[in-house]
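Listed below, chain by chain, are the residues.
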Amino acid sequence: MPNPPGPERRSQDGADTEHPEITYIGCARCGTLIAGLDGRYACSGCGWVNEWTEGHRPLPAARRRRP
């Protein structure tokens, strides 16, 4: 089985934004092309998921609700 391609990033001018970035990669288990947010992936074909710490940037902090 060939190695899946590395992650592909699509962003405007390469500038960091506060919004999640859609990235694409070949599934590590079955090779299906899958999309994810900021390097976090889940394959709907075989159920593979990558570790959340493998993302391209930290997850956003939880926001507190105002009382």
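Residues numbered from 1 in each chain as written. Predicted model: local features only at pLDDT ≥ 70, side-chain atom pairs only at ≥ 80, totals over all residues. Heavy atoms only, no water.

> I tried to follow the overall build of the protein chain on my own but got confused; where do I start?
Scanning the protein chain from N- to C-terminus turns up zero helices and three strands. Burial analysis of the protein chain (67 residues in total) assigns 22% to the buried set. Long-range pairs, those at least 24 residues apart, make up 13% of the contacts in the protein chain between residues at least 6 apart in sequence. Surface exposure of the protein chain reaches about 5,800 Å², of which carbon and sulfur atoms provide 51%. (Helix = DSSP H or I, 4+ residues; strand = E, 2+ residues; numbered from the N terminus. Buried < 20%, exposed > 50% of the residue type's maximum accessible area, 1.4 Å probe, protein only. Contact = heavy atoms within 4.5 Å. Areas by Shrake-Rupley, 256 points an atom, 1.4 Å probe, with all protein chains shown as cover.)

> Teacher, can you tell me more about the environment of Leu59 here?
As for its placement among the helices and strands, Leu59 is situated in the segment after β3 (33-37). Relative accessible area serves as the criterion here: at 48%, Leu59 is assigned to the partly exposed category.

> Would you mind going over the pairing of β3 with me for this structure?
A regular strand places its side chains so that they alternate between the two faces of the sheet. In β3, alternate side chains face the same way, and those of Ile34 and Gly36 are buried while those of Leu33, Ala35 and Leu37 on the opposite face are not. Summarising the sheet, strand β2 (residues 22-26) and β3 pair through five bridges and their orientation is antiparallel. Within β3, the position partnered with Ile25 by the bridge is Ile34. Where β2 folds back onto β3 in an antiparallel hairpin, the turn is made up of six residues, including Gly31, whose phi is positive at roughly 85°. (Pairing = 2+ DSSP bridges.)

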